[in-house]
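Each chain is listed here by its residues.
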Amino acid sequence: MQQSKKIIYFFALVKCLIPFLLIYPAFELHRDEYLYLADAAHLSWGYIEMPPLLALMGAISRWMGNGFYPVYFWDGLLGGLTVIVVGNIVLQFKGSITAVYIACISFLFSVFLRMHILFQPNILDVFFWTLSAYIIILWIDTNHKKYLYFLGISFGLGILSKYTIAFFIAAFLIGVLLTDKRKWLLNIHFYMAMLLALLIASPNIYWQYSHNLPVLHHMQLLKDRQLQYLSRVQFMKDQLTITLPCFFIWILGVLFLFFSKEGRKHILIGWIYVFVILLLLWQHGKNYYAASIYPVLMAVGAVYFERLLQQIKSAGVKRTLQLGVTLIIIGLGSFFLPLMIPFKSAPDMAKLFIGMHLGNSAILTWEDGKVHPLPQDYADMQGWREMTEKTAKAYHSLPDSIRKDLVIFGNNYGEAGALNFYGKQYQLPEVIGDDASFAFWIPDSLSKKHLLLVDFKPRKKNDFVFSHFHSLEILDSVTNPYARENGVKIMLYGQGDDSLTIASKIAIKELKQQYNLH
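We now turn to the structure provided with this report. As the structure is a computational prediction, the values presented were derived from the model and not from experiment.

Describing the packing of aromatic side chains
For the structure shown, the criterion picks out 39 aromatic pairs. Each ring, one from F190 and one from Y191, has its centre 5.6 Å from the other, and the planes form 80°; the classification is edge-to-face. With a relative accessible area of 43%, Y191 lands in the partly exposed category. When the centroid spacing of 5.0 Å and the interplanar angle of 35° are considered together, the rings of F256 and Y304 count as tilted. Of this pair, F256 sits in helix α13 (residues 247-259) while Y304 sits in helix α15 (residues 294-310); the two residues are 48 residues apart in sequence, bridging distant segments of the chain. One exposure class covers both F256 and Y304, and it is buried. Members of the aromatic cluster, joined through ring pairs, are F20, Y34, F68, Y69, Y72, W384, F421 and Y422. Over the ring of W139 we find K181; its NZ or CZ atom is 4.4 Å from the centre of that ring.

What follows is the structure, given as structure tokens:
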């Protein structure tokens, strides 16, 4: 047992250090991370794009220095904690050293290698799904009501982390009905535990209600623009590819839960997996929405693999199978490492993808349908400092009379978020925007006569607000060929007329009315 725990903590430490050691320094934060750090500067019980827990963590990062490493801290910490939970699931199933290290390397070399280099709600989602599964296993093993209350706490914090845990909770409730745990539906403690979850999540639930349920607005936009076009067949294929180095381990876990006499005791975990997948298929969920269910299956699958090894009499065959599985997981994981972590410069990563013959693959195809040198996520980690430097240069080159009567506007949340993230060191004023949660913080009207717009192209001449400016000058642009923001322009709109304030007030009021911000 002690040796197994040492292995667990070793892999947890490795997981903690990955963001600090493997991300190439020239890569910056991801566009989404700039948004979440902007949320952290405006702490609230909710946001358009997410619940509040990640923003609270972001606020701590800002207090720690607002650099890259305070942000990476959370990626490493949540990844390491999840490894510890995975390892303890193995121990709860009485798995020994072999099962522990197979489970840990499976987790390390799958899609979670990618997830845990990004400060996004996914890192919390993975942790609370895995923790909830562990608590359910403890509940099954002990039949003790205290684990229901622990589960309620995990569910509540999970809701404050990312709303996709609703799929796990729904699958759990359906699974309870299908197993002998249904007897707990007659026990007051079951309902008190679920009530505890709602109580913990209630500030965010109230925030959603008082702001006209922006989560529904956000989900409808997501469904209209993306989800309805996703293929259910592709979704199922992707469940293998996102866990490719170790997909056979979690499949063993599913087989163990449904078809092994020992595993059927915990069949509730199997039903949760089945119904998570079915619910996501029904809702056209993205492939990674289901990723958080796989750590527990990896742990269970590693235990089953060890059980199968124990049935083999030949010590040589056992060692060969252990070594073979280890080499497959680590070998495939290492081969796909360039797709998980940008560990070289952008030009070198682009050359590496060409060498891997991925030049025309879906991996390098962005939302615009075109093939690019880098995956879209990597391109979303390029060009932000250049954009800020050039915006600052343009801003400080203006006469004092213009700067005093000027506002800087970032067209999307990445631009506005990055400009605010880097802005202080370049003496920029606070940048506003109207995308995502920036809609909450935008002033009620534009009272300035000049505006510095950061966007790909000028607004149309008949734009309701921008038509009230009478001059336009393009001052600079981003020229990083590997950045998704390549070509973004810094444009000076000047000489706003007397109707600008009224027009902007009307437009901003309509924007805020969507979220009950009158």
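Observations regarding the pairing of strand β2 (residues 450-455)
Along any regular strand the residues' side chains alternate between the sheet's two faces. In terms of burial, β2 is largely enclosed, as 6 of its 6 residues are buried. Of the two faces of β2, the one carrying H450, L452 and V454 and the one carrying L451, L453 and D455 are both buried. Two elements, strand β1 (residues 406-410) and β2, share 5 bridges in a ladder whose sense is parallel. From the neighbouring strand, F409 faces β2, where its bridge partner is L453.

Looking at the side chain of R31
Looking at the element boundaries, R31 is found in helix α2 (residues 31-40). Owing to a relative accessible area of 7%, R31 belongs among the buried residues under this scheme. Among all residues touching R31, those that are not within four sequence positions of it are D380, W384, N412, Y413, G414, R484 and E485.

Brief notes about the state of the cysteines
Enumeration according to the criterion identifies 0 disulfides in this entry. Between C246, a free cysteine, and C104, which holds the nearest cysteine sulfur, the sulfur-to-sulfur gap is 12 Å.

Brief notes about the pattern of salt bridges
Across all of its chains, the model carries 14 salt bridges by this definition. In this structure, the salt-bridge partner of R307 is E262, at a minimum N-O distance of 2.8 Å. A residue pair is termed long-range when its members are at least 10 positions apart, and R307 in helix α15 and E262 in the loop between α13 and α14 (267-282) qualify at 45 residues. Among the residues examined, R307 registers a relative accessible area of 14% and is labelled buried. Looking at E262, the relative accessible area reads 38%, which means it is partly exposed. The salt bridge involving K390 is made with E386; its shortest N-O contact spans 2.9 Å.

Reading the values: the criteria
- Counting starts from 1 at the beginning of each chain's written sequence and moves along it residue by residue.
- With pLDDT at 70 or above as the cut-off, local features in this predicted model cover only qualifying residues; side-chain atom pairs require 80 or more to be listed or tallied, and sums for whole chains, interfaces and linings still use all residues.
- Heavy atoms throughout the structure, all of them, feed into the side-chain values; hydrogens and water do not.
- Classification of ring pairs uses Phe, Tyr and Trp, with its six-membered ring standing for Trp, and accepts pairs whose centres are within 6.5 Å; under 30 degrees between planes counts as stacked, over 60 as edge-to-face, and the remaining range as tilted.
- The rule is simple: take the accessible area with a 1.4 Å probe, protein chains only, and divide by the maximum for that residue type; under 20% is buried, over 50% is exposed, in between is partly exposed.
- Counting from the N terminus, the helices are the DSSP runs of H or I reaching at least four residues and the strands are the DSSP runs of E reaching at least two.
- Counted as over-ring charges are cases with an Arg CZ or a Lys NZ within 6 Å of the ring centre that also lie within 35 degrees of the ring normal.
- Strands are treated as partners if at least two bridges between them are detected by DSSP.
- Contacts are residue-level and defined by heavy atoms, with any inter-residue pair within 4.5 Å sufficient.
- In this description, a disulfide is simply a cysteine sulfur pair whose atoms lie within 2.5 Å.
- One speaks of a salt bridge when a side-chain nitrogen belonging to Lys or Arg is within 4 Å of a carboxyl oxygen belonging to Asp or Glu.

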